Amino acid sequence: MSNVRVTFQEELDQLEASLQEEGQLVLRVLRGALNALGQGDVELADEVIAFDDEVDQRYLQIEETIQSLLARQTPVATDLRLVLAMLHMNLHLERMADYAVTVAKLTKLVADVAGDPMLLQSLQEMGERAEEMIRVALDSFANRDLEAAESLVELDELIDRSNRRFVERVVEVVGEPGLREWVLRMVIVSRTLERIGDHAVDIGEQTAYLLTAEFREFTDASHREQS
Amino acid sequence: MATAEQALNLRGGGRSRRRRWANRLAEVVATLAALTAVAVLAIVVLSIAKRGLSEISWSFLTEPLPLFGQPGGGIAPLIVGSAILVAIATLIALPLGVLAALFLSEFASRRVAAPIQLVFDLMSGLPSVILGVFVFGLLVYGHTQSGIAGGFALSIVMLPLIARSTQETLRLVPDSQRDGALALGASRWRVVLGVVLPSALGGILTGTVLAIARAAGETAPLLFTTSIYLNSVQSDPRNALPNMPVQIFIWSESSDPEDHKRAWATALVLLAFVLLTSLLARAALHRSRRKLGQ
Amino acid sequence: MNETVTMPPMRPVDVAEREGPKAPVGETVFDIQGLTVRYGSNAAVKDVDVEIYKNLITAVIGPSGCGKSTFIRCLNRMNDTIPGFNLDGRLLYHGVDLYGDGVEPIEVRRRIGMVFQKPNPFPKTIYDNVAWAPRVLGMKKGLDERVERALTSAALWDDVKDRLKKSALSLSGGQQQRLCIARAIAIEPEVLLLDEPASALDPIATQKIEELMQQLKRDYTIVIVTHNMQQAARVADRTAFFSLQVEGSERYGILVEYDDTEKLFTAPSDRRTEDYVTGRFG
């Protein structure tokens, strides 16, 4: 079977490669933000904020390419689902980078405070979970692996668990003098990291859509399991 | 790799010059051949016209010959006779020819059509003298010569011509027309009558006119069936009818130079008739082609 | 990552397992069972099983030579005119086998009309083109109204109402095709078969024909053969995909997939359909 739409296929391949590269950029941004947070490194935080511009650039370029593809090539069936999935993933990746920037900005705001080591540790764990989820999301898309995509729901559970431990610690520590503003900011950081996890799940849902042609939220499945 | 100069050398070298001469030579030879053919026709027309024109007059065309060999008079009986003979022939050949062509083209299967087609081809190749002898044996022997026999003989000449030209015309009607009509739930006959035949009428007319032109000049079939010399206009086809081609033959054998002159004049009249009808037929064909959207 | 990512093969997730057809399916007009068509000893299509539903537009798509035209011409017995044609299987029209004993092709064609790829108006006036078949079939009363109704339904009345006595050949290509549609619906068939009706027309004329089909399906059941996939996607409620099967020296067409158009173009069940609609196989 010969592929007569070679150019079109190449365009699709390049688009996907571009998206994966954007994913790698997002991972770098997140790693940078987490390091800055852990070390209280304001300069690193600034670099992270600046680096987000690159992600934004990539985001816009991918948007344009998809618009062009839709107009010129009228993709159908799998091609259509692939392009639509990539359109959504692009959005989720860009949001994730923005959240990482939020973390960096919050790091800068509290740079002068040492903070609570246990809470910081908790946040690092959540951050690592988020990183893992991003990797799983990107890999499951690249390999068209439905099971791996669906496993993101369970990984999201892990972030939730870390978050619960975090909240318990917050309750213990919030009364200490000089820490109240810091704790407040860190709560926002934890929310932000959780949201990064949510977006990774969304990317998994797009992979599932591509493979099954169904518009479905994973949480339906997990709710059924929980009961 | 060609230099820029070589690439731009569109004038060509020696080989192209020889090519040009060969082209020109071929053109000249072809033109000469065509002109020769035209010249032949021109010579025929001009020589007949030269010898016959002097006799032509209104009285020549409308009066019968004088009773006792006086000079003057005309070929009115011949013209009328020829007209009646051709009319009879057309009356027989036209419906038969068109129906046969319709059958062959629209209804017959390949196996049935092929032998019938062959018969028509053979028929058109039959020497007209043989036709004359045949009709003589069939209708004249034991009876008298008659215009009917003559008309019948001419119809055998016309039949394959009309059938063939009708077939050609029917072939020109595109199958998409037939499909369109059939798809509307019309029967085969309705399709033929309502769509195919109306489109083909022009071509059929042309073929008929050409066949008439041909039949008007046939001599051999008439020699055996209606070869007579009369002074007055005859119109009863049960008797033999005088006609132009036979009379030309008879007069040319005579020793009287007056007869010779009359022969040339009659030949001119016949020639004029044939040429005019042929031109008419071509014009009609052109019109009908345009109507079919070709 | 500098290398382009080539798509790994899809996991065989059963995309066919979704809810049933979305377009409400009404009465069955054609029930085709095991249809096999041969010309002489050569098979053109084999073993086609399909149901065509009332008041829907059903498109037949597929590569050249896969028997789409052969298939559609079976529905109104137009293949009868082709020598060597023979048919196996059953072709039921409202339960009646169209190829059964005693069935008159003429009666079949009065109920199942056809419009061809290249517009083929008769060299008559516009009026006579539309009026010819009704006259011939005995529908002589109210001929003027019948002609006007047909031309109106074909979106041609306004264009020609002042020149009904002019030759049909004076119309443009798109108008001629609409005239052929008017001609077909003048005898009030139930079904309209359109064999690539717009392939000889320019894009604007094509668009008009597509619009027309959407209006016509209210009153007629429409089956359209098209080699233009986008047209099928735009116009059809259901789509049947035919493809070529090669068996040794034999080449014949088969029905690969038949479903809601939307399903066929977003998540086809068969890999061959996927390859065809995405243009992966020429």
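Quick caveat, the model's predicted, so the values are computed rather than measured. (Residues numbered from 1 in each chain as written. Chains lettered and ligands numbered in written order. Predicted model: local features only at pLDDT ≥ 70, side-chain atom pairs only at ≥ 80, totals over all residues.)

Colleague: How would you summarise the overall build of chain C if you had to cite specific residues and measurements?
Modeller: Along the backbone of chain C there are ten helices and ten strands. Here the C-alpha radius of gyration of chain C, 20 Å, is about what a compact globule of 282 residues would show, namely 19 Å. With the C-alpha coordinates aligned to their principal axes, the bounding extent of chain C is approximately 70 × 50 × 35 Å. Relative to its 282 residues, chain C shows a buried fraction of 45%. Counting contacts in chain C only where the partners sit at least 6 residues apart, residues at least 24 apart contribute 70% of the total. (Helix = DSSP H or I, 4+ residues; strand = E, 2+ residues; numbered from the N terminus. Rg over C-alpha atoms; globule rule 2.2 N^0.38 Å. Buried ≥ 20, exposed ≤ 12 C-beta atoms within 10 Å, placed from the backbone. Contact = placed C-beta atoms within 7 Å.)

Colleague: Give a detailed account of the nonpolar core, specifying residues and quantitative values.
Modeller: Within soluble globular proteins, side chains that are nonpolar generally end up buried alongside one another. With 207 residues, the main nonpolar core has Ala33 and Ala100 of chain A, Met158 of chain B together with Ala182 of chain C as its most contacted residues. Among the elements that take part in this core, helix 3 (residues 77–109) of chain A stands out by supplying 16 residues, more than any other. Other than its neighbours up to four places away in sequence, Ala33 of chain A contacts Val48, Ala100, Val103 and Ala104 of chain A. (Core = buried A, V, L, I, M, F, W, Y, C linked by C-beta atoms within 7 Å.)

Colleague: Describe the arrangement of the chains, and please don't skip the residues or the numbers.
Modeller: Among the two pairs of chains in contact, the pair with the most contacts is chains A and C. If you take every C-alpha in chain A and every C-alpha in chain B, the smallest gap between them is 33 Å, and the two do not touch.

Colleague: Help me get a handle on the interface of chain B and chain C, residues and values and all.
Modeller: Each partner contributes to the interface: chain B provides 17 residues, whereas chain C provides 22 residues. With five residues, helix 8 (residues 175–182) of chain B is the largest single contributor of residues to the side of chain B that touches chain C.

Colleague: Quick one: what's the story with helix 8 of chain B, residue by residue and with numbers?
Modeller: All of the buried residues along helix 8 of chain B are Gly180, Ala181 and Leu182 of chain B. Looking at the buried residues of helix 8 of chain B, the elements they touch are helix 9 (188–216) of chain B together with helix 2 (105–111) and helix 6 (173–185) of chain C.

Colleague: So what's going on with helix 1 (residues 6–39) of chain A? Which residues, and what values?
Modeller: Its 34 residues give helix 1 of chain A an end-to-end C-alpha distance of 49 Å, which sits within 8% of 50 Å, the value for a rise of 1.5 Å per residue. Count one or two residues on from helix 1 of chain A and you reach Gly40 of chain A, which has phi positive near 60°. (Expected span 1.5 Å × (residues − 1).)

Colleague: An account of the pairing of strand 10 (residues 250–260) of chain C is requested, with residue identities and associated values reported.
Modeller: Residue and element names in this part refer to chain C. Here strand 9 (residues 238–247) runs beside strand 10; their pairing, made up of ten bridges, is antiparallel. Bridge pairing in strand 10 places Glu247 opposite Glu250. Connecting strand 9 to the antiparallel partner strand 10 that follows it, the hairpin turn spans two residues, and Gly248 within it adopts a positive phi of roughly 65°. (Pairing = 2+ DSSP bridges.)

Colleague: Can you explain the confidence of the model for chain C? Please cite residues and give values.
Modeller: All names here are of chain C. Considering every residue of chain C, the mean pLDDT works out to 89; 91% of them sit at 70 or more. Across residues 1–14 the pLDDT falls below 50, and counting only partners more than four positions away or on other chains, this stretch makes 23 contacts in the model. Note that residues 16–21 has pLDDT below 50 and, in this model, three contacts with residues that lie over four places away or in other chains. Reported confidence for the predicted complex is 0.87 by ipTM and 0.81 by pTM. (pLDDT = per-residue confidence, 0-100.)

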